[in-house]
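Fold and contact review
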Amino acid sequence: MTESERLSHDWFPKPLPDNVEIGAGSWLYSAFAFLHYRSLRPCGVRIGHDTGIYNGTFFDLGACGEVVIGDHCTLVGAIIATNRRVSIADYVFIAHEVTIADDFVACPPTDSGQANRLAAETCVSIGRGAWIGARAVLLSGAHIGPGAIVGAGCVVSTDVPACSVVAGNPARIIEKPPVKT
């Protein structure tokens, strides 16, 4: 998007950042989502097609922060605070007030020199078709497998196997996919 490009429905008086890409048929509630956005990456946020980014979602990215969101996703009031890479695959649902952060204080560093070495690392990844429950917290090291479900209020900082269900603080597996024999 160009610097002067604005969302036609937006109440916020600023345009989208130049390094944000939004796919065809996708919805972003407002450029206000980028109020604390400082990414200097060539593409700091890439949103796939037919994805909805709804009210209350914020991209609080440091200088080297990068977020890639797949196709047919829904984010409802999520806060993504990172100076690394967050990867969200296709068909992911992220419920109200989910926080995704690469540090326990959820505040990206402002030192872009130090941040450059962190930029290539993926700190959080969410696999295809995963569901993240309301007010869950995904910290650095959270890798949610395809089809997994993260319960409401859950705190995750490790791997969650594909098609499993986790809950609690810290996250514990409460249901595993059936073993094929």
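Structure shown above.
First, a word on scope: everything that follows refers to the structure included in this document. (Residues numbered from 1 in each chain as written. Predicted model: local features only at pLDDT ≥ 70, side-chain atom pairs only at ≥ 80, totals over all residues. Heavy atoms only, no water.)

**Section: the overall build of the chain**
Using the following cut-off: Helix numbering and strand numbering both begin at the N terminus, where a helix is a DSSP run of H or I of at least 4 residues and a strand a DSSP run of E of at least 2. Here's how the labels work: a residue is buried when its accessible area is under 20% of the maximum for its type, exposed when over 50%, partly exposed in between, all with a 1.4 Å probe on protein chains only. Here a residue-residue contact requires only that any non-hydrogen atoms of the pair lie within 4.5 Å. Only the protein chains shown count as cover for residues, and the accessible areas themselves come from Shrake-Rupley with a 1.4 Å probe.
The helix and strand inventory of the chain stands at 1 helix and 20 strands. The buried share of the chain, taken over its 181 residues, is 46%. Counting contacts in the chain only where the partners sit at least 6 residues apart, residues at least 24 apart contribute 30% of the total. About 8800 Å² of surface is accessible on the chain, with carbon and sulfur atoms providing 56% of the total.

**Points about the pattern of salt bridges**
A side chain of one charge can pair with a side chain of the opposite charge when the charged atoms of the two come close. Our working rule: Here, a salt bridge means any side-chain nitrogen of Lys or Arg that lies within 4 Å of a carboxyl oxygen of Asp or Glu.
Counted by the stated rule, this structure contains 5 salt bridges. Residues Glu 97 and Arg 135 are paired through a salt bridge, measuring 2.5 Å at the closest nitrogen-oxygen approach. Taken together, the residues Glu 97 in the loop between β10 (93–94) and β11 (99–101) and Arg 135 in the loop between β13 (131–132) and β14 (137–139) connect sequence positions 38 residues apart. Take Arg 135: its relative accessible area is 55%, and that puts it in the exposed class. Ionic contacts of the salt-bridge type, sharing partners, join the residues Arg 41, Glu 66 and Arg 85 into one network.

**Digging into the sheet that holds strand β17 (residues 155–156)**
Within a sheet, each strand pairs with its neighbour through backbone hydrogen bonds, oriented either parallel or antiparallel. Our working definition: A pair of strands is labelled paired if DSSP reports no fewer than 2 bridges between them.
Strand order in the open sheet made by the 5 strands is β5-β8-β11-β14-β17, with parallel pairing throughout. Whereas interior strands pair on both sides, the edge strands pair on one side only; in this sheet they are β5 (58–61) and β17.

**A few points about the pairing of strand β12 (residues 122–126)**
With 4 of its 5 residues buried, β12 lies for the most part within the structure. Of the pairings in the sheet, the one linking strand β9 (residues 85–88) to β12 comprises 4 bridges and is parallel in character. Residue pairing across strands places Ile 88 opposite Ile 126, the latter belonging to β12. When β12 meets strand β15 (residues 142–144), the two strands line up parallel, connected through 3 bridges. Paired with Ser 125 across the bridge in β15 is His 143.

**Digging into the pairing of β5**
Neither face of β5 is left uncovered, since the one carrying Phe 58 and Asp 60 and the one carrying Phe 59 and Leu 61 both have all their residues buried. The sheet contact formed by β5 and strand β8 (residues 79–82) spans 4 bridges and is parallel. When the bridges of β8 are listed, Leu 61 appears paired with Thr 82.

**Let's talk about the environment of Ile 173**
Mapped onto the elements of the fold, Ile 173 is located in strand β20 (residues 172–175). For the pair formed by Ile 173 and Val 160, sequence separation is 13 residues and the distance between their alpha carbons is 7.8 Å.

**Quick look at unusual backbone geometry**
Asn 169 connects to Pro 170 through a cis peptide bond whose omega is 0 degrees. Positionally, Pro 170 belongs in the loop between β19 (165–167) and β20. The phi dihedral of Glu 97 falls on the positive side, at around 60 degrees, and the residue is not glycine. Residue class for Glu 97 comes out partly exposed when judged on its relative accessible area of 44%.

**Let's talk about a nonpolar patch on the surface**
How we decide: A patch consists of residues whose relative accessible area exceeds 30% and which take part in no salt bridge; residues with like charges are grouped when within 9 Å of each other, and nonpolar side chains (Val, Leu, Ile, Met, Phe, Trp, Tyr) when within 5 Å.
Residues Phe 93, Trp 131 and Ile 149 make up a contiguous nonpolar surface patch of about 290 Å² in total accessible area. Following the sequence through the fold, Ile 149 ends up in strand β16 (residues 149–150). In this structure Ile 149 comes out as partly exposed when scored by relative accessible area, which is 33%.

This is a description of form; function is not addressed.
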